[in-house]
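Each chain, letter by letter, is given below.
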Amino acid sequence: MTWLLAAAVWITLAVGLYLALSRDVLRCVLGLAVLGAGANLVLFAAGRIGSTQPPVVPLGESVLAQAANPLPQALVLTAIVIGFALVCFSLVLVLRLIERARTDDALKLREAEPEPTDPVKPPLPTPQADARAGGAA
């Protein structure tokens, strides 16, 4: 059981990382959602997976011997709700970005950066500006 859970965590984290490092922004959002699910699995595994006893202290006892830990379960439940809201909001933003820019390639989206001569927005860093800033410091 422990090895199966460890394998599921590693596969989930590997798939999430692969998707998050993609050039497609929609895949990046889905990869972050899968990474969040992997983090939830790690948290959930911290609370004694094999235990079937509820985390209730019987009358007259002070310590639970083999009961499940309720704290990781509560943290995972909270993280699932927050993660779902974050993914929904991110999907709406990404779909609007794709609609407006007419591309979902992360490298092509850099073309939307301001020109170096724009007086209002800060310019996109260039290798020449980075070299000057590094040499002056």
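What you see as residue numbers is a count from 1 along each chain, following the sequence as written. Local features are withheld for residues below a pLDDT of 70 in this predicted model, meaning they are given only at 70 or higher, and side-chain atom pairs are given and counted only at 80 or more; totals for whole chains, interfaces and linings count all residues. Hydrogens and waters are ignored; side-chain quantities use all the structure's heavy atoms.

Caption draft 1: Seen up close, the overall build of the protein. In terms of regular secondary structure, the protein is built from five helices and zero strands. Note on conventions: DSSP H or I runs of at least 4 residues are helices, E runs of at least 2 residues are strands, and numbering of each starts at the N terminus. Counting from the amino terminus, helix and strand elements in the protein follow one another as α-α-α-α-α. Relative accessible area decides the class of each residue, using a 1.4 Å probe on protein chains only: under 20% of the type maximum gives buried, over 50% gives exposed, and in between gives partly exposed. Expressed as a percentage of the 137 residues in the protein, the buried residues total 18%. Two residues qualify as a contact provided that any one of their heavy atoms is within 4.5 Å of a heavy atom in the partner residue. Partitioning the contacts of the protein with sequence separation of at least 6, the portion at a separation of at least 24 is 45%. Computed by Shrake-Rupley with a 1.4 Å probe, the accessible areas treat only the displayed protein chains as cover when residues are assessed. For the protein, the computed accessible surface area is about 10500 Å², with 69% contributed by carbon and sulfur atoms.

Caption draft 2: View of the packing of helix H1 (residues 2–20) against helix H2 (residues 25–45). For helices, the axis comes from a line fit to the C-alpha atoms of the stretch in contact; other axes are also lines fit to C-alpha atoms, and the angle between any two N-to-C directions lies between 0 and 180 degrees. Contact pair H1 / H2: the axes reach a minimum separation of 7 Å and the direction vectors enclose 160 degrees. Of the possible angle classes, the one that applies to H1 and H2 is roughly antiparallel. When you trace H1 past H2, the crossing you get is left-handed. Between H1 and H2, the contacting residues are Leu5, Ala8, Val9, Thr12, Leu13, Val15, Gly16, Leu17, Leu19 and Ala20 on the first element and Arg27, Cys28, Gly31, Leu32, Val34, Leu35, Ala37, Gly38, Ala39, Leu41, Val42 and Ala45 on the second. Roughly parallel here means an angle under 35 degrees, roughly antiparallel means over 145, roughly perpendicular means 65 to 115, and every remaining angle is called oblique. Handedness of a crossing follows from how the near helix is turned relative to the far one, being left-handed for an anticlockwise turn of less than a right angle and right-handed for a clockwise one.

Caption draft 3: The arrangement of H2 in detail. Counted at 1.5 Å a residue, the expected span for H2 with its 21 residues is 30 Å, and the 30 Å between its end C-alpha atoms agrees. Those residues of H2 lying buried are Val25, Cys28, Val29, Gly31, Gly38 and Asn40. On its buried face, H2 sits against H1, helix H3 (70–101) and helix H4 (106–109). For a helix, the expected span equals 1.5 Å multiplied by the number of residues minus one.

Caption draft 4: Structural view of the pattern of salt bridges. Think of a salt bridge as a Lys or Arg side-chain nitrogen and an Asp or Glu carboxyl oxygen that are within 4 Å of each other. In this structure the tally under the stated criterion is two salt bridges. Between Glu99 and Arg96 there is a salt bridge, and its shortest N-O distance comes to 3.2 Å. With a gap of three residues between them, Glu99 and Arg96 both fall in helix H3, about one helical turn apart. What makes Arg96 partly exposed here is its relative accessible area of 47%.

Caption draft 5: Fine view of unusual backbone geometry. One non-glycine residue, Arg102, adopts positive backbone phi at about 60 degrees. One can find Arg102 in the loop between H3 and H4. For Arg102, a relative accessible area of 77% translates into the label exposed.

Caption draft 6: Molecular detail of the packing of H2 against H3. Following both chains from N to C, one finds H2 and H3 inclined at 180 degrees, their axes separated by 10 Å at the closest point. Judged on the interaxial angle alone, H3 and H2 are roughly antiparallel. Residue-level inspection shows Val25, Leu26, Val29, Ala33, Asn40, Leu43 and Phe44 of H2 in contact with H3, the latter providing Pro72, Gln73, Leu75, Val76, Ala79, Ile80, Val87, Ser90, Leu91, Val94 and Ile98. As a working rule, the residues Ala, Val, Leu, Ile, Met, Phe, Trp, Tyr, Cys and Pro are called nonpolar, Asp, Glu, Lys and Arg charged, and the rest polar, with Gly in that last group. A per-class count over the contact of H2 with H3 returns 15 nonpolar, three polar and no charged.

Caption draft 7: Here's a closer look at a nonpolar patch on the surface. A patch consists of residues exposed above 30% relative accessible area that lack any salt bridge, with like charges linked at up to 9 Å and nonpolar side chains (Val, Leu, Ile, Met, Phe, Trp, Tyr) linked at up to 5 Å. On the surface, Leu43, Leu71 and Leu75 cluster together into a nonpolar patch covering about 250 Å² of accessible area. Tracing the backbone through its elements, the reader meets Leu75 in helix H3.

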